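Chain and residue survey
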Amino acid sequence: PINYYTLSELGLQEIERLSDALLRYSELDPFKVNQLQIRHYLIAQKITIKALDSGQIIDFETERMRLIDGDRQGEKRPDVVWITSGMERYAIEIELSAKWDRNLDSFILGIARDLQSSKNKDDGISRYVIISDSRAIIDRYQQAMQPDQPLRIWGKNDRNHWVIENTIKVPAWLINLVDFQLIEY
């Protein structure tokens, strides 16, 4: 974008004065704004506001809200989590550019692991929703998540290069817990 706005120190103080929970706000320094993600974050905000206004959800947690305890290695971090009136938790992933090879395999594996580990947690994820403005991305990800598709497990070798350590199959149950939504923007 040509222009974007961040809070000033005074604006941040006002928000913190009115807030029940404090979140780290590194964007006081405008050079810390990841400009490659601005459109991504705006879409996440717009669809979340639309879901709240329509009554589809009653609450949400942003990626930043979920990072209060810090980032954990290998843990999936959805863009936003929507909470329904039935207290189901939908992990929302905004996909605007296609993932390939290791990144796509890690994405799918992360979703499967998150859903598997969430089964017996009160605050666990019930479903994933992959949202994109690209039909090709939606179709490709749907195909990659079909039962028995190959899913490569990656690791680093002794020269610190990424290599395929193992190949497993996408579990049959995964596609039943992932929704795909095409949006227009």
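Quick note: structure is the one above.
Computed from a prediction, not measured in an experiment: that's the story for all the values here.

Applying the stated rule across the entire model yields one aromatic pair. A ring pair is formed by Phe 107 and Tyr 141, whose centres lie 5.6 Å apart and whose planes are at 55 degrees; its orientation type is tilted. Of this pair, Phe 107 sits in helix H4 (residues 101-118) while Tyr 141 is found in helix H5 (residues 135-144), placing the two residues 34 residues apart along the sequence. Neither Phe 107 nor Tyr 141 differs from the other in exposure class; each is buried. A cation over an aromatic ring shows up here: Lys 99 above the ring of Phe 107, its NZ or CZ 4.9 Å from the ring centre.

To continue, consider the pattern of salt bridges. Within the structure shown, the criterion is met by 11 salt bridges. Arg 17 is the partner of Glu 14 in a salt bridge, and the nearest nitrogen-oxygen pair spans 2.6 Å. Residue Glu 14 and its partner Arg 17 are both found in helix H1 (residues 9-18); the two are separated by three residues, about one turn of the helix. Between Arg 39 and Asp 133 there is a salt bridge; the shortest N-O distance is 2.5 Å.

Core analysis: the largest hydrophobic core is formed by 24 residues, its most contacted members being Ile 108, Ile 111, Met 145, Leu 174 and Val 178. Counting only elements with at least two residues in this core, the list comes to H4, strand S4 (127-132), H5, strand S5 (150-156) and strand S7 (178-182). Looking at this core, the element that brings in the most residues is H4, giving seven residues. By size, the runner-up hydrophobic cluster in this structure holds 13 residues, among which are Ile 43, Ala 51, Val 80 and Ile 131.

Take the pairing of S5 next. Only one face of S5 is buried: it carries Leu 151, Ile 153 and Gly 155, and the other face, with Pro 150, Arg 152, Trp 154 and Lys 156, is open. Of the strand pairs in this sheet, S5 and strand S6 (residues 162-169) are connected by seven bridges, and their pairing is antiparallel. Paired with Leu 151 across the bridge in S6 is Ile 168. Between the end of S5 and the start of S6, which pair antiparallel, lie five residues, with Asn 160 showing a positive phi angle near 70 degrees.

Look at Asp 148: it is not a glycine, yet its phi comes out positive at around 70 degrees. One non-glycine residue with positive phi stands out, namely Asn 160, at about 70 degrees. The residue Asn 160 is located in the loop between S5 and S6 in this model.

Strand order in the open sheet made by the five strands is S1-S2-S3-S4-S7, with mixed pairing throughout. Each end of this open sheet is capped by a strand with a single partner; those strands are strand S1 (59-62) and S7. Adjacent strand axes in the sheet meet at a mean angle of 25 degrees, parallel and antiparallel pairs treated alike. Strands S1, strand S2 (80-83), strand S3 (89-94) and S4 of the sheet are contacted by helix H2 (residues 38-54), whose axis makes an angle of about 145 degrees with S3. Running over the sheet, H4 touches S3, S4 and S7 and is turned about 150 degrees from S4.

This part is about the side chain of Arg 89. Topologically, Arg 89 is positioned in strand S3. At 2.7 Å, the side chain of Arg 89 forms a polar contact with the side chain of Glu 61. Those residues in contact with Arg 89 that sit more than four places away from it in its chain are Glu 61, Arg 66, Val 81, Trp 82, Ile 83, Asp 122, Asp 123, Gly 124, Ile 125, Ser 126 and Arg 127.

Our focus in this paragraph is the packing of H4 against H5. Two elements in contact, H4 and H5, have axes separated by 11 Å at closest approach and are oriented at 65 degrees. The handedness of the crossing between H4 and H5 is right-handed. In this structure, H4 uses Leu 104, Phe 107 and Ile 108 to contact H5, whose residues at the interface are Arg 140, Tyr 141 and Ala 144. Here the contact of H4 with H5 is composed, by residue class, of five nonpolar, no polar and one charged.

On the surface, a nonpolar cluster with roughly 220 Å² of combined accessible area is contributed by Leu 7, Ile 15 and Leu 28. Its location among the elements puts Ile 15 in helix H1. Residue Ile 15 is classed as partly exposed on the basis of its relative accessible area, which comes to 46%.

Each value, and the rule that gives it
- Residues numbered from 1 in each chain as written.
- Predicted model: local features only at pLDDT ≥ 70, side-chain atom pairs only at ≥ 80, totals over all residues.
- Heavy atoms only, no water.
- Phe/Tyr/Trp six-rings, centres within 6.5 Å; stacked < 30°, edge-to-face > 60°.
- Helix = DSSP H or I, 4+ residues; strand = E, 2+ residues; numbered from the N terminus.
- Buried < 20%, exposed > 50% of the residue type's maximum accessible area, 1.4 Å probe, protein only.
- Lys NZ or Arg CZ within 6 Å of the ring centre and 35° of its normal.
- Salt bridge = Lys/Arg side-chain N within 4 Å of Asp/Glu carboxyl O.
- Core = buried A, V, L, I, M, F, W, Y, C linked by side-chain atoms within 4.5 Å.
- Pairing = 2+ DSSP bridges.
- Axes fitted to C-alpha atoms, helices over the stretch in contact; angles between N-to-C directions.
- Contact = heavy atoms within 4.5 Å.
- Polar contact = N/O pair within 3.5 Å; in protein donor to acceptor, adjacent residues only side chain to side chain.
- Left-handed = near helix turned anticlockwise from the far one by under 90°.
- Nonpolar A, V, L, I, M, F, W, Y, C, P; charged D, E, K, R; others polar.
- Patch = residues over 30% accessible without salt bridge, like charges linked within 9 Å, V, L, I, M, F, W, Y side chains within 5 Å.
- Areas by Shrake-Rupley, 256 points an atom, 1.4 Å probe, with all protein chains shown as cover.

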